[in-house]
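Listed below, chain by chain, are the residues.
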Amino acid sequence: MRMPKARGPLSEWVVARLAEGDTYLGGSAPLPADQDDEAIALWTLHELSYRGFEDASDDAERNPVVVVVRHDLESSLERRLRGRWDHADRPNLPAAADVPAELEELVASDDGPSLADHVRRSADVDQVLELLRQRSVYQLKEADPTAWVVPHLPTRAKAALMELQFDEYGNGNPNLLHAHLFAKGLESVGLRSEYGGYVDDALPETLELNNALSMFGMQRRLRGAAMGHLAAFEMTSSLPARKIAQGLGRLGLDGDMVGYYDEHVEADAVHEQLAARDICGTLAEDEPDQVAEILFGAFTCLDLESRVATALFRAWGVER
Amino acid sequence: MSEADFDHPDIVLEPHGPMLVRGASTIRDAEGTLHRVERPVVALCRCDKSSRKPWCDGTHKVIPRR
């Protein structure tokens, strides 16, 4: 994959520095033009820790100048996410034992606009393809941001996360790896399947969602938020996956993409139980100071998904 | 934390949810059909409303609790 197109002065600076590698010494980054510029800059910096770019230096990941910019962008993102959570209407913190029930309640009370309902009933082919391009930014590295969290967890949550992740990675069979199933699905509907292929089309909301996932995953301090995010994600997956599979069928987009969503109906019915109880529930018991973080992560998952949905409906001129 | 072993049952009845089964290779459903199990943990429908029985598809969440 090559680095994405810059969207303003900050991302332009980042892309230029990454291409230079270790040959530059300093200089401070320009201010971002807007949230779009900021989001693509951070997405690019995070990607250095996944698969990297063919036109970026391999040394760039730990270059001190780059690390400082990444730290500042993550701090700004985290402040924004926590600001939204602080403003969210929420009751007092539950006891650790009540965390799974609290997650269920949080998910049940989510009233964000539903892309899955739209796909099932009324989306046209162009809208579905646009949604799949947006989703591909994460789905082609599905489960990777969460893999960072394994070493940060106590025994029970660690074993449970591995049980879930093993399934995400195809239970050892590369043909069943979820990101691979999604890549085949993209090809089956006539889209490109290469890793990172549609990043230049990603909405700022899509980038923000991906950046939050990467940040939660990579920072030990944010392990609770990462696992809360995972739980909310899995708990809002199997029913919508079924609706999306139905919508794809309605539009004649049969084949591997339907297979991908069908797989997620059954897989995520398991994963949501593991994530809410065996991962978040035991993490809350073993590390009670993570209760608030788990709920913050879960809220953030629902909130960011809702922002992506709102942005897409706005772009399509669909009233929700 | 003490280093005692943990409970790790093969079969778990989730509150208001499915039955998780670890390590099964085949499941016979209520109609007598045999299903091969393709994953290490499966969720079996307990609300009887799943569209993919014997597997859970999350439908129990939209059924009012009695």
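Residues numbered from 1 in each chain as written. Chains lettered and ligands numbered in written order. Predicted model: local features only at pLDDT ≥ 70, side-chain atom pairs only at ≥ 80, totals over all residues. Heavy atoms only, no water.

**What about the packing of helix 10 (residues 204–218) of chain A against helix 11 (residues 223–235) of chain A?**
All names here are of chain A.
- Across the interface, helix 10 lies against helix 11 with an axial gap of 7 Å and an inter-helix angle of 130°. Judged on the interaxial angle alone, helix 11 and helix 10 are oblique. Note on packing geometry: the crossing formed by helix 10 with helix 11 is left-handed. Along the contact surface, helix 10 presents L213, F216 and G217, while helix 11 presents R223, A225, A226 and H229.
- Here the contact of helix 10 with helix 11 is built from residues that sort into four nonpolar, two polar and one charged. (Axes fitted to C-alpha atoms, helices over the stretch in contact; angles between N-to-C directions. Helix = DSSP H or I, 4+ residues; strand = E, 2+ residues; numbered from the N terminus. Parallel < 35°, antiparallel > 145°, perpendicular 65-115°, else oblique. Left-handed = near helix turned anticlockwise from the far one by under 90°. Contact = heavy atoms within 4.5 Å. Nonpolar A, V, L, I, M, F, W, Y, C, P; charged D, E, K, R; others polar.)

**A look at the domain arrangement of chain A**
Residues and elements named next belong to chain A.
- Examined at the domain level, chain A breaks down into domain 1 (9–84) and domain 2 (95–316).
- Around 2,100 Å² of area is buried between domain 1 and domain 2 when both sides are counted, 60% of it from carbon and sulfur atoms.
- For the pair domain 1 and domain 2, the number of links is six salt bridges.
- Between K141 and E47 there is a salt bridge, with its nearest N and O atoms 2.9 Å apart.
- Where domain 1 meets domain 2, there are eleven residue pairs in polar contact (both at pLDDT 80 or more).
- At the level of secondary structure, the elements contributing two or more residues to the side of domain 1 that touches domain 2 comprise helix 2 (35–47) and helix 3 (64–87).
- A per-class count over the side of domain 1 that touches domain 2 returns seven nonpolar, three polar and nine charged. (Domains from an automatic or database assignment. Buried area = accessible area lost by both parts, 1.4 Å probe. Salt bridge = Lys/Arg side-chain N within 4 Å of Asp/Glu carboxyl O. Polar contact = N/O pair within 3.5 Å; in protein donor to acceptor, adjacent residues only side chain to side chain.)

**Quick word on the environment of R46 of chain B**
Residue and element names in this part refer to chain B.
- For R46, the location among the structural elements is in the segment after strand 5 (41–44).
- Given a relative accessible area of 43%, R46 falls into the partly exposed group.
- R46 sits 26 residues away from L20 along the chain, and the two C-alpha atoms are 10 Å apart.
- Those residues in contact with R46 that lie beyond four places of it in its chain are L13, E14, H16, G17, P18 and M19.
- Here G17 takes part through its backbone oxygen, which lies 3.0 Å from a polar atom of the side chain of R46. (Buried < 20%, exposed > 50% of the residue type's maximum accessible area, 1.4 Å probe, protein only.)

**Quick word on empty space enclosed by the protein**
Residue and element names in this part refer to chain A.
- Counting across every chain of the model gives six cavities of 30 Å³ or more.
- In this structure, the largest cavity occupies an estimated 130 Å³ of space.
- Lining the largest cavity are 14 residues; nearest its centre among them are Y138, T146, L213, L230 and F233.
- Sorting the residues of the lining of the largest cavity by element identifies helix 7 (144–147), helix 8 (155–168), helix 10 and helix 11 as the ones contributing at least two each.
- The leading source of residues in the lining of the largest cavity is helix 11, at five residues.
- Residue composition of the lining of the largest cavity, by class: seven nonpolar, four polar and three charged.
- A volume near 60 Å³ is recorded for the second largest cavity. (1 Å grid on protein atoms, 1.4 Å probe; cavity = no way out; pocket = protein on both sides within 12 Å on 5 of 7 lines; lining within 4 Å. Points joined across faces, edges and corners; volume = space filled by probe spheres on them.)

**Considerations on the environment of L304 of chain A**
Residue and element names in this part refer to chain A.
- One can find L304 in helix 14 (residues 291–316).
- For L304, a relative accessible area of 1% corresponds to the buried category.
- Each C-alpha atom, one on L304 and one on E205, is 7.2 Å from the other, the two residues being 99 residues apart in sequence.
- Those residues within four positions of L304 in sequence are excluded, and the remaining contacts are L81, R84, E208, L209 and A212.

**Concerning unusual backbone geometry**
Residues and elements named next belong to chain B.
- Of note, the amide linkage connecting K53 to P54 takes the cis form, showing an omega dihedral of 10°.
- For P54, the position within the fold is in the segment after strand 5.
- Backbone geometry places H16, a non-glycine residue, at a positive phi of 55°.
- Along the chain, the position of H16 falls in the loop between strand 1 (11–13) and strand 2 (19–22).
- Here the phi dihedral of D48 falls at roughly 70°; this positive angle occurs in a residue that is not glycine.
- Tracing the backbone through its elements, the reader meets D48 in the segment after strand 5.

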